[in-house]
Amino acid sequence: MIIRASVDTLLGAPGAPGAPDGELDGGVMIPAETLRRLACDAAVSRIIGKGELIGEITRAARTTPAATRRALAVRDGGCVAEHCRRPPQWTDAHHVKHWIDQGPTTMTNLILLCRPHHRKVHEEGWGLQRLTTGRWALTRPLPRSRSA
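Residues numbered from 1 in each chain as written. Predicted model: local features only at pLDDT ≥ 70, side-chain atom pairs only at ≥ 80, totals over all residues. Heavy atoms only, no water.

Draft legend 1. Summary view of the pattern of salt bridges. Applying the stated rule across the entire model yields two salt bridges. Taking the shortest distance from any N to any O, the salt bridge between D76 and R75 comes out at 2.7 Å. Taking relative accessible area as the criterion, D76 reaches 14% and is therefore assigned buried. D92 is the salt-bridge partner of R115, the closest N and O atoms lying 2.8 Å from each other. Residue R115 is located in helix α4 (residues 115-123), and its partner D92 is located in strand β6 (residues 91-95); the two are separated by 23 residues in the primary sequence. For R115, a relative accessible area of 46% gives the class partly exposed. (Salt bridge = Lys/Arg side-chain N within 4 Å of Asp/Glu carboxyl O. Buried < 20%, exposed > 50% of the residue type's maximum accessible area, 1.4 Å probe, protein only. Helix = DSSP H or I, 4+ residues; strand = E, 2+ residues; numbered from the N terminus.)

Written out as structure tokens, the structure reads:
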């Protein structure tokens, strides 16, 4: 899958080029939070071009290595959202502190979330709060105020 977006768009910076969206290969626009969710456990190739392609830099360190993924499956047993019972094979590795915000790809910063819960966190603004049980509660986003 090819998605075009600026680093500023990934960061959610105000006034970012193309903000608030990313663009799929073929011209379909996707919201920045969908872009961040897709990038959560993916390899990213950064291409810098000025007229012609100047260079390509690959930074795949945020991709969860296979051994770490297996350890997460054993530790978490599936989606860690409270009351969710989806198995590990139905989950994505989620960075608690997002990789774009300098979050490391380590066991202490990774949890397994099923696709519906992962989407809620990235695209619907839900928060995560760790429970004493080792599970995570999803916290509702604050209501947006409407302008008159």
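Draft legend 2. Geometry of the sheet that holds strand β3 (residues 29-31). The strand order β1-β2-β3 describes an open sheet built from three strands, whose pairing is antiparallel. Each having just a single partner strand, β1 (3-4) and β3 make up the two edges of the open sheet. As paired elements, β1 and strand β2 (residues 21-24) share two bridges and run antiparallel to each other. The partner of I3 across the bridge, within β2, is L24. In the packing of helix α2 (residues 32-39) onto the sheet, contacts are made with β1, β2 and β3, and the angle to β3 comes to roughly 80 degrees. (Pairing = 2+ DSSP bridges. Contact = heavy atoms within 4.5 Å. Axes fitted to C-alpha atoms, helices over the stretch in contact; angles between N-to-C directions.)

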